[in-house]
Amino acid sequence: NGYKFVVQYEDSSCSPLPATQAAKRVIEQFKPDVIIGEECSDATLAVMPVVEQAKVPLLNAGSSSIKVTEPGNPWTFRIMPNEVMQGINLAENASKRMKAETAVLLFENTNAGIGNAQVFKENFTKQGGKVLAEIGFGRDVNDFTAIATRVAGLGKVDVIPTYTLEGQGLKITQALAQAGVTKGGGGNAIQIGTIWLPFGFEQKAGKAALGYIRIVQFDPTDTRDVAKNFASAFKAKYNAEPTHLNAHAYDQIMLIADVVKRGGKDAQSIRDGLAATKGYSGVTGSVEFDKTNQNTKMDTIHYMETKPDMSWTSLKWN
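Summarised in this report is the structure supplied together with it. The shown structure was predicted, so the numbers you read here are calculated from the model rather than taken from an experiment.

Looking at the nonpolar core
Generally speaking, soluble globular proteins have nonpolar side chains that are buried together.
Part 1: Phe120, Phe124, Ile192 and Tyr303 are the most contacted members of the largest nonpolar core, which has 32 residues in total.
Part 2: Contributions of two or more residues to this core are made by helix 3 (83-96), strand 4 (102-108), helix 4 (111-126), strand 6 (159-163), strand 7 (190-193), helix 7 (201-205) and strand 8 (213-216).
Part 3: For this core, the element with the highest residue contribution is helix 4, accounting for four residues.
Part 4: By size, the runner-up hydrophobic cluster in this structure holds 16 residues, among which are Ala133, Ile147, Val157 and Ala189.

Structural data, given as structure tokens:
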């Protein structure tokens, strides 16, 4: 509708204090009509009071903590499934589709890590499964040999839900394989997880990632026109395949564009337009917000499984 978007960005460092400082700088210096971010849950939770006070809408994609939207605030929206939506879905699939009976939970000691693990535990046990151990760790841990050895001594483990960022996730996956726990190391256990790891993880982890089943935010094999056109346009422009981060960024911008087309022209009207969104179809899935500004659509949950050649296949479970 004749509007041009101007984008300013700041590095939040995926941490509460730098994220808060970055948000304040953006608001004071740039005076935005809408903010896109944050990726990490703890940082998002720290930023939320800042945007609420400034009355600027925050459109979030990457943070899974239920605390972001429960109870949330009227200025923060999330287009991805929260930890409860993901955790219930993952636990049901582990039990019903994978026939898993036992699990070991590995998670970073953050709001998102602890929250995701607890949701899985609650729903996996409801399905009749048994959690053999819950192992949390700080972000400063770099050697997971002891943890992998502990898991190896627990007996028959069917699935290992893992909730941590790529750096530690890579080391955990390799340690579990070296300890002979997972398929990649000749064991029987399968790592599973929600949206913590980017595309390309398998190539970095190597054989250790064999059989890993995880939720991703974007399925490049999606046959809908909006997804196919995005993927082909992205590859033509950047000579690379789009990742979930690219897909989420695209959906965030295009959702804002949709709101602008519907009359959004400043922070308040964009906030109101986001809240009124119904049936929006993006490259990651559909968007429709509930009263807490949480996207309710489950077609944003995509599963993929790592194959022996380190490629992956989309499981089409949703």
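Side note on helix 10 (residues 267-275)
Part 1: Along helix 10, the positions that sit buried rather than exposed are Ala267, Ser269, Ile270, Arg271, Gly273 and Leu274.
Part 2: Contact partners of the buried residues in helix 10: strand 2 (58-60), strand 3 (76-78) and helix 9 (244-261).

A look at the packing of aromatic side chains
Part 1: Applying the stated rule across the entire model yields nine aromatic pairs.
Part 2: The interplanar angle of 20 degrees and the centroid separation of 5.2 Å between the aromatic rings of Phe120 and Phe124 together place this pair among those described as stacked. Here Phe120 and its partner Phe124 are both found in helix 4, four residues apart, which amounts to about one turn of the helix. Take Phe120 and Phe124: they sit in the same class, and that class is buried.
Part 3: Ring centres 5.7 Å apart and planes at 80 degrees place the aromatic pair Phe218 and Phe230 in the edge-to-face group. Here Phe218 is found in the loop between strand 8 and helix 8 (225-238), whereas its partner Phe230 is found in helix 8, with twelve residues between them in sequence.
Part 4: Residue class for Phe218 comes out buried when judged on its relative accessible area of 0%.
Part 5: Three or more aromatic residues joined by ring pairs make a cluster, and in this case those are Phe218, Phe230, Phe234, Tyr238 and Tyr250.

Description of the sheet that holds strand 3
Sheets are built from strands that pair by backbone hydrogen bonding, the pairs being arranged parallel or antiparallel.
Part 1: If you trace the three strands from one edge of the open sheet to the other, you get 1-2-3, paired in parallel fashion. Of all the strands in the sheet, just strand 1 (35-36) and strand 3 have a single pairing partner and so form its edges.
Part 2: Across two bridges, strand 1 lies against strand 2 in parallel orientation. Within the sheet, the bridge partner assigned to Ile36 lies in strand 2 and is Leu59.
Part 3: Packed on one face of the sheet, helix 9 meets strand 1 and strand 2 and runs near 140 degrees to strand 2.

Comments concerning the environment of Ala249
Part 1: Structurally, Ala249 can be placed in helix 9.
Part 2: By relative accessible area, Ala249 is classed as partly exposed at 36%.
Part 3: With 187 residues separating them in the primary sequence, Ala249 and Gly62 have C-alpha atoms 9.9 Å apart.

Regarding unusual backbone geometry
Trans is the common state for peptide bonds, and a negative phi is the common state for residues other than glycine.
Part 1: Cis peptide bonds are those with omega within 30 degrees of zero, and the linkage from Gly37 to Glu38 qualifies with -20 degrees.
Part 2: You can see Glu38 is positioned in the loop between strand 1 and helix 2 (41-54).
Part 3: Backbone torsion omega between Glu70 and Pro71 reads 0 degrees, so that peptide bond is classified as cis.
Part 4: Mapped onto the fold, Pro71 is located in the loop between strand 2 and strand 3.
Part 5: Look at Lys99: it is not a glycine, yet its phi comes out positive at around 60 degrees.
Part 6: Turning to its location among the elements, Lys99 is positioned in the loop between helix 3 and strand 4.
Part 7: Using a relative accessible area of 60% as the deciding quantity, one classes Lys99 as exposed.
Part 8: One non-glycine residue, Lys316, adopts positive backbone phi at about 55 degrees.
Part 9: Among the structural elements, Lys316 can be located in the segment after strand 12 (312-314).

What to know about the sheet that holds strand 12
Part 1: Read from one edge of the open sheet, seven strands run 5-4-6-7-8-11-12, paired in mixed fashion. Looking along the sheet, the strands with just one partner apiece sit at the ends: strand 5 (130-137) and strand 12. Going across the sheet, the axis of each strand differs from the next one's by a mean of 25 degrees, ignoring polarity.
Part 2: With four bridges connecting them, strand 8 and strand 11 (residues 302-306) associate as antiparallel partners. Bridging from a neighbouring strand, Val216 pairs with His302 of strand 11.

Calculation rules
Residues numbered from 1 in each chain as written. Predicted model: local features only at pLDDT ≥ 70, side-chain atom pairs only at ≥ 80, totals over all residues. Heavy atoms only, no water. Core = buried A, V, L, I, M, F, W, Y, C linked by side-chain atoms within 4.5 Å. Buried < 20%, exposed > 50% of the residue type's maximum accessible area, 1.4 Å probe, protein only. Helix = DSSP H or I, 4+ residues; strand = E, 2+ residues; numbered from the N terminus. Contact = heavy atoms within 4.5 Å. Phe/Tyr/Trp six-rings, centres within 6.5 Å; stacked < 30°, edge-to-face > 60°. Pairing = 2+ DSSP bridges. Axes fitted to C-alpha atoms, helices over the stretch in contact; angles between N-to-C directions.

Function cannot be inferred from these measures alone, as they are strictly geometric.
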